[in-house]
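Now for the letters of each chain:
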Amino acid sequence: MGDECPSGGARVIAAVAAAALLSADALGIVPAPQSVQAFTATYAVPRQIAIAAQSPDERNVAAFAVAFFAQRGIAARVVSPSDTAAQLRFTTQALSANASPQAYRLHVGDDGMRVNAAAGAGLFYGLQTLEELFPANGNLIHQVEITDAPRFRWRGIHLDVSRHFFGVPVVERYIEVAAHFKLNVFHWHLTDDQGWRIQILRYPRLTQVGACRSGTEVGNDPTTIDPHRYCGFYTQAQIREVVAYAKRRYVTVVPEIEMPGHATAAVASYPWLTCLPGHYEVLKVWGGSDDNFCPTPRTFAFLRGVLSEVLALFPGPYVHIGGDEVPREAWKASPAVQRLMRDRHITTYAGVQAYFTRVIEQFLNSKHRRMVGWDEILDGGVSQTATIMSWRGISGGIAAARAGNDVVISPDPPLYLDHYQGDPTVEPLAIGGYTTLERLYNYDPMPPGLTASQQRHILGAQGNLWTEFIPTPELLFYRLLPRELAVAEMTWTPAQLRSWPSFSTRMRTQYAWLQAQNLPFHIPNPTMRLTGMDGLEVAGLQPNLRGISAGVVGPAVRVALDEAVPNAVIYYTTDGSSPSAHSTRYTAPVDLRLAPDARAELRAIAVLSNGRRSFATTLVLYRAGAQTP
Ligand code: ACM
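About the criteria used
Residues numbered from 1 in each chain as written. Predicted model: local features only at pLDDT ≥ 70, side-chain atom pairs only at ≥ 80, totals over all residues. Heavy atoms only, no water. Pairing = 2+ DSSP bridges. Helix = DSSP H or I, 4+ residues; strand = E, 2+ residues; numbered from the N terminus. Axes fitted to C-alpha atoms, helices over the stretch in contact; angles between N-to-C directions. Buried < 20%, exposed > 50% of the residue type's maximum accessible area, 1.4 Å probe, protein only. Expected span 1.5 Å × (residues − 1). Salt bridge = Lys/Arg side-chain N within 4 Å of Asp/Glu carboxyl O. pLDDT = per-residue confidence, 0-100. Contact = heavy atoms within 4.5 Å. Polar contact = N/O pair within 3.5 Å; in protein donor to acceptor, adjacent residues only side chain to side chain.

**Digging into the sheet that holds strand β28 (residues 590-593)**
No. 1: A sheet is described by the order of its strands in space; here 3 strands give the open sequence β23-β25-β28, paired in antiparallel fashion. In the strand order of this sheet, the two ends are held by β23 (527-532) and β28, each with one partner. Between one strand and the next, the sheet's axes are offset by a mean angle of 30°, whatever the strand orientation.
No. 2: Looking at chain direction, strand β25 (residues 556-562) and β28 are connected through 4 bridges and run antiparallel. Among the inter-strand pairings, R558 is bridged to a residue of β28, identified as D591.

**So, unusual backbone geometry**
No. 1: Here the residue pair V30 and P31 is connected by a cis peptide bond, since its omega of -5° sits within 30 degrees of zero.
No. 2: With an omega of 10°, the peptide bond between L481 and P482 qualifies as cis.
No. 3: Within the fold, P482 resides in the loop between α15 (473-480) and α16 (483-492).
No. 4: Residues other than glycine seldom take positive phi values, yet K182 does so here, at roughly 70°.

**Thoughts on the pairing of strand β9 (residues 154-160)**
No. 1: In terms of burial, β9 is largely enclosed, as 7 of its 7 residues are buried.
No. 2: Burial of the side chains of β9 extends over both faces: W154, G156, H158 and D160 are buried on one face and R155, I157 and L159 on the other.
No. 3: By the bridge criterion, 4 bridges tie β9 to strand β22 (residues 458-463) in an arrangement that is parallel. What sits directly across from I157, in β22, is G463.

**Description of helix α4 (residues 168-180)**
No. 1: With 13 residues, α4 extends 18 Å from end C-alpha to end C-alpha; this agrees with the ideal 18 Å at 1.5 Å per step.
No. 2: Across the 13 residues that make up α4, a large majority, 10, are buried.
No. 3: Listed in full, the buried residues belonging to α4 are V168, V170, V171, E172, Y174, I175, V177, A178, A179 and H180.
No. 4: Positive phi appears at K182, one or two residues downstream of α4, with a value of about 70°.

**A short note on the pattern of salt bridges**
Close approach of charged atoms allows side chains of opposite charge to pair.
No. 1: Tallied over the entire structure, the rule returns 21 salt bridges.
No. 2: One salt bridge in this structure joins R506 and D25, with 3.4 Å as the shortest N-O distance. Highlighted residues: R506 in helix α17 (residues 500-516) and D25 in the loop between β1 (21-22) and β2 (35-44), separated in sequence by 481 residues.
No. 3: Take D25: its relative accessible area is 25%, and that puts it in the partly exposed class.
No. 4: We note a salt bridge from D406 to R370, for which the minimum N-O separation is 3.5 Å. Of the two residues, D406 is situated in strand β21 (residues 406-409) and R370 in strand β19 (residues 370-374); the sequence distance between them amounts to 36 residues.
No. 5: By relative accessible area, R370 is classed as partly exposed at 34%.
No. 6: Sharing partners across several salt bridges, the network here consists of D160, R163, D192 and E468.

**Quick look at the confidence of the model for the protein chain**
No. 1: Residues at a pLDDT of 70 or more form 96% of the protein chain, whose mean pLDDT is 95.
No. 2: Segment residues 1-8 is flagged for pLDDT under 50; beyond a separation of four residues in sequence, or across chains, it makes 5 contacts in the model.

**A few points about the pairing of β2**
No. 1: One ladder, built from 2 bridges, connects β1 with β2; its direction is antiparallel. Looking at the pairing, L21 lines up with F39 of β2.
No. 2: Pairing analysis gives 7 bridges linking β2 to strand β8 (residues 140-148), with the strands arranged antiparallel. The partner of S35 across the bridge, within β8, is T147.

**Some points on the environment of E145**
No. 1: Within the element layout of this structure, E145 appears in strand β8.
No. 2: Residue E145 is classed as partly exposed on the basis of its relative accessible area, which comes to 33%.
No. 3: Residues E145 and A38, spaced 107 residues apart in sequence, show a C-alpha to C-alpha distance of 6.6 Å.
No. 4: In this structure, E145 is in contact with S35, V36, Q37, F39, L106 and H107, ignoring residues within four places of it in sequence.
No. 5: Engagement of the side chain of E145 in a polar contact is seen with the side chain of H107, the distance being 2.6 Å.

**Focus on α15**
No. 1: Counted residue by residue, α15 has 6 buried out of 8 residues, so it is predominantly covered.
No. 2: Within the span of α15, buried status applies to L475, L476, F477, Y478, R479 and L480.
No. 3: Buried-residue contacts for α15 involve β9, α4 and α16.

Here it is, written out as structure tokens:
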């Protein structure tokens, strides 16, 4: 048609018609980008491609691209930018005057693929989005123009390795998955009452003694102890490896060395660190102890020594010093603390903690690092340069932002990912709570009531994963996923673009990715939609915490089941028994007929091709007018 049209105007119209738009949600990108133009037209990635890259960052990201393409049967080689044959180009260039170094532009057209960004992080994020364009099978991707940048600077995920220890391969996988979803901070909770996990050369007993406990609480019953010795720590070489692994993926590692509370493992290693002499043991049970650090010159010298080694291992700008849940009993009984309070005119124990925190912060600042602490460090007054991690709700975060301190939002709930995400009576034991994907998704991390200048102190948000009830890597990823994707979108995507229906649509693509990656994740229960004989939807049957919907209906209802995970098969029963993969396979809506006074029950599960299954959704119906139990 264009050939027969002499006028340039008609050619433009033809080109626009050819560039038919596709819904951005159809691409399934999480976190949703700032601006997406997606086209129905596709680009077939050849079996052999060249990738143009030159600077160290371009070549770093190109190496990830080569690995990605290799998995898809595409042989890619890196060439110089002057090679005009390249099908994929990574180019570092300023996108606009104020663009974040994490911003990027992604183009896929008939002329190939291009990622432009001002810095390596943006190139890496452009590649992650490009990878998400690929379908589960095949190498035909939609043409797109994407312009993207993060909403927040701090997009964090935390991991507690004290309560249960996870080795380097698990930690690296954890970081790899986080980076794929454009999270950029890994908060590594390395020390606590139940184990010290980082080798410190000056103080070898920290890992000789502090990295082992002589048993572990079973479940959440402190009277039942599994007597096996439980040990684990990272050598400094391993820490360096993890930090480098994260850096290649533009993830900053923030180490946490807990003080002055949650110090039992340190105190068990060197009892002189505490105020009261005695014999201390690494805790076998969950919860804390009174055995905190004593604010003496000897303790501070120890902590400076520990932190000196920590700083040498972690080049990032932030060091987390804990500061949460500090017991004060030992301080009250301590002549040294009484003397300190007299000499320094400190009148409260919160003031003693504030003094402790200031001594440590001054040391960190002298080494050009910034201190992060849990919001308790606000209690006795804190310097302007401290960054506050708000976990006891957001009031600490609001107060800190108003006082001019930087803040990371991570309240319990909903950003504690150790909470249940399904029926607590059937899910693996968790610490409590109930934070579904939807509830987490709908949380906005920007606290209300802040002025624009106060809002600038909200660095971002973070999901925290405490591991008392997470003994295995399998369960670790199960608790994390898919909720980490909600954390990613909450911290990356502009608030006005966030939408649960859109996210749910895109999650179908992401559930397929999680399966392809063989990652364990929480499989959503099938959802149910009911219509009556009149064809109208039966409303008001909201599932409770246990996924049970119950209600009174007419003589017949039609139940349509749906599953959020692609390729999941739904099985159901109508006789009250627990469904399994041997139950009736769902293929079409189920009609339930109810005689007067009758009760009907339908239970359904979703089963993936790898055999993993969801917990059941249960529907209990009573005939209208009939007696309900
Ligand atoms: C915390 O959860 N104790 C910070």
